[in-house]
Every structure is written in structure tokens, then in C-alpha cells.
Amino acid sequence: MSIVKKMKTAKLITMGCKANQYDTQSLRETLQRNGYRLVDAEMSEQQTDLYLINTCTVTNVADQKARQAIRRAIRQHPSAKVLVTGCYAESDREAIEEIPGVTFVFGNREKADFQDYLDILHAETSASSEEVPHTPNPLLSIAPVQHDAIREHARFSKGVSDAGKRTRALIKVQDGCSAFCTYCIIPYVRGRMTSRPLDDIADEAHRIADSGIKEVVITGVHLGAYGQDTGRDKDIADILEHIHDVEGIERIRFSSIEPMYFPDTLGERMAALPKCMPHFHLPLQAGSDAVLRRMRRRYTTAAFAHLVENLRRVFGDDVGITTDIMVGFPGETDAHFEESCQFVEDIGFSQLHVFRYSPRKGTPAATYPDQVSPHISAARSQAMIALGERLSTAFRQRMLGKQKEVLIEASREGENNHLAGFTDNYLRVLVDAPESAINQIQRVTLGALAGDCIAAA
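Residues numbered from 1 in each chain as written. Predicted model: local features only at pLDDT ≥ 70, side-chain atom pairs only at ≥ 80, totals over all residues. Heavy atoms only, no water.

## Digging into the sheet that holds strand E2 (residues 36-38)
Logical step 1: The strand order E2-E1-E3-E4-E5 describes an open sheet built from 5 strands, whose pairing is parallel. For this open sheet the edge positions go to E2 and strand E5 (102-105), each flanked by a neighbour on one side alone. Across the sheet, the mean angle separating the axes of adjacent strands is 25° when strand polarity is ignored.
Logical step 2: Where strand E3 (residues 50-55) and strand E4 (residues 81-86) come together, 6 bridges link them in parallel fashion. The partner of Ile53 across the bridge, within E4, is Val84.
Logical step 3: Contacts between helix H1 (residues 18-33) and the sheet are confined to strand E1 (8-14), E2, E3 and E4, with E1 contributing the most and set at about 175° to the helix.
Logical step 4: On top of the sheet, helix H2 (residues 60-76) reaches E1, E3, E4 and E5; it is set at about 175° to E3, its chief contact. (Pairing = 2+ DSSP bridges. Helix = DSSP H or I, 4+ residues; strand = E, 2+ residues; numbered from the N terminus. Axes fitted to C-alpha atoms, helices over the stretch in contact; angles between N-to-C directions. Contact = heavy atoms within 4.5 Å.)

As C-alpha cells, this is what we get:
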């Protein structure tokens, strides 16, 4: 009589930015190499052996959501090993370890050592099962890694091989931040700006192409700063040129690129590469020079406007320009806010991501005087969101009647349940197409607005 060994299962949840999403993909592949079967984290009724939560700490709300996710995992999966990593694990490890039921916590740099932690976990579990009855979620005796979070470089995992059942994949090429904007905790939890070796990036692009992925999204914390830590012999445009030569990759786009690190020749070099998509997410944060100075953003509104003007000159008026806007920063007056609104309108962004300032303990802005009251911040947020929706609608209306190529995804949306995908300039389009069109690029005519999307004619 043969005994069939039950396959171990794992659930993963990711919070925060695309850099974190990429890290989770790498952690997922490590789990799969260790014999774990990944199950849907949203299916709370399905018990699992291991639950991994990759946290964010960009705001106080992010911390709160991380704690809620941890406690929910412990409550719904009482016999699971609960592992916590990410930026919140870096910023407040002790608070997480105090939550009853957490197995162990490891920071961003230790993600590269995940296999070692799994080995310790498996050894501890085997010893426990042989000697004493199982105790749910014991806190393993893994000593915290001591490091200087500000001065040390970030570390990279071995990368990923495919993106699962997706049409596009993330490639993280840079990590860490040395900018120290006055409101931001990221330099304290991600380490110094660190560039990934170009050969590693190219190898990963080839593996992703071999898995059938057609679009890659280049991600990092400060993409434009790529190469600053290695003598500037290579920059972000060199990465694009290397990936552009990879057979099978048909689209390349950035996740987000900070305006103060945008290389002078990047636009022209991208325009010479047909696979590079004409869409740029440029975090503005504020459209008032006085507020930008208090934020320590290291650019002016005039410099930002010049960058956008140059991109439109190179790529044409169809180029998608999206941004992040913060409202309610300490010291932001009504006049400053009106300046921001006017500047956002003048630029004519294709989409805004609006968020309210949240004090982060340990950052200079948390101690600034003239903190903006929550009700004023909320009102400004609603006004900026409304402005963003109007600009987005106007941009999409300008695109109607034009022909655009759309990479069809395995997602059905809208009242007609059509397949969805993105144009080159990052507009969501609904296409009446069969399942065989998934992961194919189709040329369609943009017919009519459909909520936040555009329906193909």
C-alpha cells in the first residue's frame, strides 16, 4: 500500500508598491521550488500550511492594514506558519513579533535569504513533530539581522522566471532610496540606492520571454537613479536597450520614474526603441514650489513642466502622463493648494493618484508646525480627485476614434463582460474578443467611454 504525501500549501498577500509585488513573485518561486502549492489568498475557508505577508509602511494607514492582515491570517489559519516581511517588518519588527501567532519576521534585505529561512522553518517543524505535540505558530529562534538601514545597500534575490498566468511581468532593476524627502520613510526601510547588475536583468528578461510574457514593466524605487552607485557607466536607458533586443518581449514600460532623476537623454533614447511604450508616471507630489521645497523634492514646477513638454515633443500629444499628488502637507495653505490645482490643470495629466499626507514617525515632516487639519485635508483630497477625474475623462475623449494597439489580458470587465487590456499610453480598453485573443496584441479603434475604460468600436 503506497502512502501519498500531502503537498504543502502556501498563501501570499502583497501590500504596497510594484517593487513589493516583484519581491513577492520571487518569494513565490522559492516556495514552489520547495514543494509548496500556491492557493488563492482570498479564499479564507481553504486552510494552508504557510501564510506569507509582504507589508508596506508608506503611511500609517498602510501599517494599520498590515496589522489587520496579519491578525486575519492568524485567525483564519490557526495552524499555519505566519511569516511577515516587507517595509513594515523593517520599520517596526518588534510590534509584529508581539502579535500572538506570528511565526517569524524578516526584513527587505533578508528576502534574498528566504531559502535559508525556509530551511530553518522546516528543520524546526520536523524536530517539533518528532519530540512534542504540535504547538500552533511557535516563534522561531531566528535572530534579527543587524544592519544600518540608511547606509547599507539594498540586496536582490535571484529574480523570477515567469509571472504566472499573466500577460506582463515586473522586472526590478533598482532598489533603495537616498533622496530623504521630508515626509517619506522609505530610505529608512529600503536602504541606499542600489543598481542591479545589467547581466542579471537581461537574463531575467530572457527567462520571462521564454515563459510567453509579451510585456515587461521596469520597476524600482528610483528608476532614474540607476547607475549612480556604480559610477554611472550604465543608466536606465541601457537597460531598455538590452531588453529591447530580447526576442518575444514586445512591450516595455516603466512603473514610475522620479522627475529629479530623469536622465536628460532618456526620452530620445526611448523614442528610438519601438517596444518602449509612450507612458510615464512622474510623481509630482505638489504643484507649489513652496511646498516642494518643504518636501525636499529637489525640482521646481518649471523643471517638471519642461520635462513634460519635452516628452510631448518627442512622443507626441498622445503620450500618457500620470502622477501622484499629495494634499495636506504641513504648512500647505489654501493658496498653495490652489497653485497645485492650477499646475495640475495646466499640465493636463491623463490620470492622478491623490493621497492625503500622513505623518510618519522618524521623518522630519512629522515634527513640522502647521499640520493641516484632517477635515481640510479631506476636502482638498476630494477637490483634487474631482479635478483628476475631469482631466482623465478629457484625455480619454481626445483618444476616441483613434487606432491603438491593445495587449489583451485574461480579465473580463464592464457591463458586456468584454476582455480588457491597455493601450501603449496606458488607457484601459474593453474589447469584444474570444479567449484565444488573450496575450495577443490587437489593433482596435477606440469607440466610446465606458466608465473608467474605453470600449473598442
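## Details of the environment of Ala290
Logical step 1: Inspection of the secondary structure puts Ala290 in helix H10 (residues 289-295).
Logical step 2: Ala290 sits 93 residues away from Pro197 along the chain, and the two C-alpha atoms are 38 Å apart.

## Side note on the pattern of salt bridges
Logical step 1: Counting across every chain of the model gives 27 salt bridges.
Logical step 2: Note that Arg207 is salt-bridged to Glu204, the shortest N-O span being 4.0 Å. One end of the pair is Arg207 and the other is Glu204, both in helix H7 (residues 198-210) and 3 residues apart, which spans about a single turn.
Logical step 3: Because the salt bridges share partners, they merge into one network encompassing Asp23, Lys111, Lys172, Asp175 and Arg190. (Salt bridge = Lys/Arg side-chain N within 4 Å of Asp/Glu carboxyl O.)

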